[in-house]
Structures are given as C-alpha cells and as structure tokens.
Amino acid sequence: DLVVDTGAEQMVLSQETAQEVGVRPLVTTISAGVGDVGVRGLDLGRADSLRIGTLEVSNLPAIIKNPPLTGLPESRVKDSMSPLAFGLSTKIDYRNKSLVMATRLPYEPADIELPMRVHRLAVVRGVVNGEHPKSFVIDTGGEVISISLGTANAIDTVPPRRIPLRVFGTSGWDADAFLLPGVRLAFSEIEYDNLSVVVLNLHRPSALLGFHIGGIIGHRFLSEYVVSIDMQRSMLRLNRY
C-alpha cells in the first residue's frame, strides 16, 4: 500500500520496505518536512520498477527513511509515492475512489481553475485575510488546511494564548503547532470565512525549497472536489460534486 502524496518530492519508503523489495541506498540526500527534526540526511535509492494498475515506471528514485524517526504514532501505511514526481498529471475522485495518472489529461471544463506552479512541489496562490497572497502546497497526503508560522505572524492575528495541537509530520512532532481561529482564506472564488487553521513551523522546508511556503491544502480542502492536477497546463482544476 502506498499513500498518494503530492506533498512529497519523491517516492518514500520505510527502511523495512526498502529491504524487503531490494531497494538499496546509493547516496545520501537532504530532506525537510514538518516536525522538530527539520532538515535531516536520508538515504536515496532506486527502484528498478513500480507498477500501479496499468502504469509501470522504471528506474524510479526513492527516499529511504534511514535513519528512521522514533516516538511517532504507528501508521498502517508507511510508504508513499507522488505521481507528480514521475512527471504525470493526476485526477483524483475521492467519492468514487478513483485515481487516474497520465502524461496528458484530456481537457474537461472545471468549476474552478487555479494557476499552478511546480518547483519541486506543486503550489497554488491563496490570499489570507484579504491582503496577503501566499503559496500553498497541494498535499494529497496531508489532512487539514494549514498556514505557516511566518504567514500567521505576517497577518498579525496570533493570539497571546495559543491553542496547542499535537501534530506530527515527516520530520517528527511539531512542538510549535497551534490552532488559529478566525482566518479568512480565498483561492479565486473559493472563500472560507472565520476558518480555524493549523499553524505549522515551515521554516526549514521553505529554506530547502528556496521559497516561502505560505501554507498547505490537504484532504479537508481537496476532498470536496474531483481534483485534477494538470502538469502540462500548469493548472489545478476542481469540479464540485
């Protein structure tokens, strides 16, 4: 089982899975994600092939979680892959449990189209509190809508007493995470008023990517639509159910 995770740059395998399927470490790479560990070195290997349905990809880079993190909740699915890392466009129909991956998706009219930029990760533009445009990562492997600590400080609405949250990511527990109510968030004609968002420390992932990550849109946002991440047209297309 693999998590479909567009918030990851490569296929990611646990140390156990890599050993089981014969993916050996070749070099060391640098990774950064949500969590206190921040930037860390991980092994990078190569899978000879990956087959999903009728799709087969050869010579696929794979990050191996070695050394593994400890003290995190056990997950049934420990491995992930991103179709975007293969250069493939993706269509996800959450309600009908359908995933389509293709070099080129056929054009279909969409209820909402958001221009998309891809620099290691796919991002779209969102506006926070009506005046702060920020880049949001499209993360099918994430659960909630979140903003970065830098974005929260920029909009100057951080309360003196915070509502702490226990949030873990690919780099461990995020001790700085808290819940921020009363946020207005807009993506073109999609508008959220008085939204409670999770605030995450995204300083290290931003530094690794080379630009400021304003936030992340995960399952809570995406699952309301049939989602098409169109790499060829640089567009996130959303169709309401």
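Heads up: the structure comes first, above all this text.
Residues take numbers from 1 onward in each chain, read along the sequence in its written order. Where local features are concerned, this predicted model is filtered to residues with pLDDT of at least 70; where side-chain atom pairs are given and counted, the filter is 80 or more; whole-chain, interface and lining totals use all residues. Calculation of side-chain values draws on the structure's entire complement of heavy atoms; hydrogens and water are dropped beforehand.

**Q** What exactly am I supposed to notice about the overall build of the protein chain here?
**A** Comment: elements are numbered from the N terminus, with helices defined as DSSP H or I runs of at least four residues and strands as E runs of at least two. Counting its regular elements, the protein chain contains 4 helices and 20 strands. For 241 residues, the compact-globule formula gives about 18 Å, and the C-alpha radius of gyration of the protein chain, at 18 Å, lands near that figure. Surface summary for the protein chain: the accessible area is close to 12400 Å², and the carbon and sulfur share equals 49%. Positive residues here are Lys and Arg, negative ones are Asp and Glu, while His and the chain termini are left out of the count. For this purpose, a charge sits on NZ of Lys, CZ of Arg, CG of Asp or CD of Glu. Across the protein chain, the mean location of the 24 positive side-chain charges is 1 Å away from that of the 26 negative side-chain charges. The globule rule used for comparison is 2.2 Å times the number of residues to the exponent 0.38, while the radius of gyration itself is calculated over C-alpha atoms. All accessible areas in this document rest on Shrake-Rupley with a 1.4 Å probe, and a residue is counted as covered only by the protein chains that are shown.

**Q** Hey, could you run me through the pattern of salt bridges in this one?
**A** Once their charged atoms are close, side chains differing in charge can pair, the charge on each being opposite to the other. In the sections that follow, a salt bridge refers to a side-chain nitrogen of Lys or Arg positioned within 4 Å of a carboxyl oxygen of Asp or Glu. On inspection of all chains with the given rule, the structure shows 7 salt bridges. With a shortest N-O distance of 2.6 Å, Asp 230 and Arg 237 are connected by a salt bridge. Residue Arg 237 is classed as buried on the basis of its relative accessible area, which comes to 3%. The buried label goes to any residue with under 20% of its type's maximum accessible area, the exposed label to any with over 50%, and the partly exposed label to all in between, with areas taken from a 1.4 Å probe on protein chains only.

**Q** How should the packing of aromatic side chains be read in this particular structure?
**A** The geometry of an aromatic ring pair is captured by the separation of the ring centres together with the interplanar angle, meaning the angle of the planes. A pair of Phe, Tyr and Trp rings is counted when the ring centres sit within 6.5 Å of each other, with Trp represented by its six-membered ring. The angle between the planes then sorts it: under 30 degrees is stacked, over 60 is edge-to-face, the rest tilted. One pass over the full model with this rule turns up 4 aromatic pairs. When the ring of Phe 136 is compared with that of Phe 187, the centres are 5.1 Å apart and the planes differ by 80°; the resulting orientation is edge-to-face. Taken together, the residues span a long stretch of sequence, with Phe 136 in strand β11 (residues 132–138) and Phe 187 in strand β16 (residues 178–187) at a distance of 51 residues. Classification of Phe 187 as buried rests on a relative accessible area of 0%. When the ring of Phe 221 is compared with that of Tyr 225, the centres are 6.0 Å apart and the planes differ by 45°; the resulting orientation is tilted. Like Phe 221, the residue Tyr 225 is buried in the burial classification. Ring pairing ties together the aromatic residues Phe 136, Phe 187, Tyr 192, Phe 221 and Tyr 225, which thus form one cluster. Two conditions define a charge sitting above a ring: the NZ of Lys or the CZ of Arg must be within 6 Å of the ring centre, and it must be within 35 degrees of the ring normal. Above the plane of the ring of Phe 211 lies Arg 117, whose end atom (NZ or CZ) is 4.9 Å from the centre.

**Q** Please explain the pairing of strand β17 (residues 190–200) as it appears in this structure.
**A** Pairing between strands requires that DSSP locate at least two bridges from one strand to the other. Bridge count for strand β12 (residues 145–148) against β17 is 3 bridges, and the pairing is parallel. Bridged to Ser 148 within β17 is Leu 200. Direction of pairing for β16 relative to β17: antiparallel, over a ladder of 7 bridges. Bridge pairing in β17 links Leu 185 to Tyr 192. A loop of 2 residues connects β16 with β17, the two strands running antiparallel in sequence, and Ser 188 in this loop sits at a positive phi of about 55°.

**Q** Please explain the side chain of Thr 6 as it appears in this structure.
**A** As for its position among the elements, Thr 6 is in the loop between β1 (3–4) and β2 (11–14). Given the relative accessible area of 1%, Thr 6 is considered buried.

**Q** Please explain the environment of Val 127 as it appears in this structure.
**A** Tracing the chain through its elements places Val 127 in strand β10 (residues 121–128). Between the alpha carbons of Val 127 and Leu 88 there is a distance of 28 Å; along the sequence they are 39 residues apart. Not counting residues within four places of it along the chain, the set of residues in contact with Val 127 comprises His 132, Pro 133, Arg 184, Leu 185 and Ala 186. The contact criterion used is simple: two residues touch if any of their non-hydrogen atoms lie within 4.5 Å.

**Q** Can you walk me through the environment of Gly 182 in this structure?
**A** With respect to the secondary-structure elements, Gly 182 resides in strand β16. Sequence separation between Gly 182 and Asn 201 is 19 residues, and the spatial gap between their C-alpha atoms is 19 Å. Ignoring any residue separated from it by four or fewer positions in sequence, one finds Gly 182 in contact with Asn 129, Asn 194 and Leu 195.

**Q** What is the right way to look at unusual backbone geometry in this model?
**A** Residues apart from glycine generally show negative phi values, whereas peptide bonds are mostly found in trans. Backbone geometry at Asn 59 places phi at a positive 50°, although glycine is not the residue there. When you line up the elements, Asn 59 lands in strand β5 (residues 55–65). For Ser 188, which is not a glycine, the phi torsion comes out positive at approximately 55°.

**Q** Even after reading the chapter, I still don't get the environment of Arg 125, so can you show me in this structure?
**A** Along the chain, Arg 125 falls in strand β10. Between the alpha carbons of Arg 125 and Asp 36 there is a distance of 27 Å; along the sequence they are 89 residues apart. Once residues within four sequence positions are removed from consideration, Arg 125 is found in contact with Pro 115, Pro 133, Lys 134, Ser 135 and Phe 187.

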